[in-house]
Amino acid sequence: MTRLVLTVVGDDRAGLVQSLADVVSEHGGNWETSELAELAGAFAGIVLVSVPDARLEELSRALENLDGLLRITVHGGAAPADARPGRRFTFSVLGNDRPGIVRDVTGILTRHGITIDLFSSQTREAPMAGGTLFEATVTARVPEDTDVTQAIGDLEQLAGEIQVDLSLVDD
């Protein structure tokens, strides 16, 4: 079996996921994991599928035929995140939205050689105070030879500087 990561983008309308799922299934593929969302009128997401090696080319051609409905890019899959070395930790960020939060948080992770396994964020209206809140949940992988306490300290210092709440989540 070959694992493929599909990135998909199209104008949001009913039936997009069904169309993609039909093509994957018709070519012997298995839909394993996905993150899909409507963002500003566009439908976007990533999907992990597995397909028998003998049907890989056939599935790839069929996905190209969805171009009028969805723009799909096919990427070869690598080792799953849980098979890679290192320790995982999860944290959340919540505070008033402002430009640069993602840049600042990911900059700290990069300086410590920490990779991101999952990054999920959104903005939403603050119910009582007015304005817009930024909320993110990050699951990151720390190399085995890296002390995560320094990275966490840097993240906590940043949280104080930009006035957001940082919470560590037990994995």
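The structure this text deals with has already been given above.
This next bit is on the nonpolar core. Phe89 and Phe91 are the most contacted members of the largest nonpolar core, which totals 21 residues. Mapped by element, the contributors of at least two residues to this core are strand E5 (87-96), helix H3 (101-111), strand E7 (132-142) and helix H4 (148-162). Looking at this core, the element that brings in the most residues is H4, giving 7 residues. Setting aside residues up to four positions removed in sequence, Phe91 forms contacts with Val105, Leu109, Ala136, Thr137, Val138, Leu155, Leu166, Ser167, Leu168 and Val169. In terms of nonpolar packing, the next biggest core, distinct from the first, is built from 17 residues, Leu6, Leu16, Val49 and Val51 among them.

Following both chains from N to C, one finds H3 and H4 inclined at 160°, their axes separated by 9 Å at the closest point. Compared by their axis directions, H3 and H4 come out roughly antiparallel. Seen from above, H3 lies across H4 with right-handed handedness. Residue-level inspection shows Ile101, Asp104, Val105, Ile108 and Leu109 of H3 in contact with H4, the latter providing Ala151, Asp154, Leu155, Leu158 and Ile162.

Leaving glycine out, the prevailing phi sign among residues is negative, and the prevailing peptide bond configuration is trans. The backbone of Ala40 shows a phi angle near 50°, a positive value even though the residue is not glycine. With respect to the helices and strands, the residue Ala40 is situated in the loop between strand E2 (30-39) and strand E3 (42-51). Its identity as a non-glycine residue notwithstanding, Gln163 has a phi of 60°, on the positive side. Position of Gln163 relative to the elements: it lies in the loop between H4 and strand E8 (164-169). Looking at Gln163, the relative accessible area reads 66%, which means it is exposed.

Inspection of the entire model under this criterion finds 1 aromatic pair. For the ring pair Phe89 and Phe91, a centre distance of 5.6 Å and an interplane angle of 25° mean the geometry is stacked. In this structure, Phe89 and Phe91 share a single accessibility class: buried.

What counts and what doesn't
Residues numbered from 1 in each chain as written. Predicted model: local features only at pLDDT ≥ 70, side-chain atom pairs only at ≥ 80, totals over all residues. Heavy atoms only, no water. Core = buried A, V, L, I, M, F, W, Y, C linked by side-chain atoms within 4.5 Å. Buried < 20%, exposed > 50% of the residue type's maximum accessible area, 1.4 Å probe, protein only. Helix = DSSP H or I, 4+ residues; strand = E, 2+ residues; numbered from the N terminus. Contact = heavy atoms within 4.5 Å. Axes fitted to C-alpha atoms, helices over the stretch in contact; angles between N-to-C directions. Parallel < 35°, antiparallel > 145°, perpendicular 65-115°, else oblique. Left-handed = near helix turned anticlockwise from the far one by under 90°. Phe/Tyr/Trp six-rings, centres within 6.5 Å; stacked < 30°, edge-to-face > 60°.

Keep in mind that these numbers describe shape and distance, not what the molecule does.
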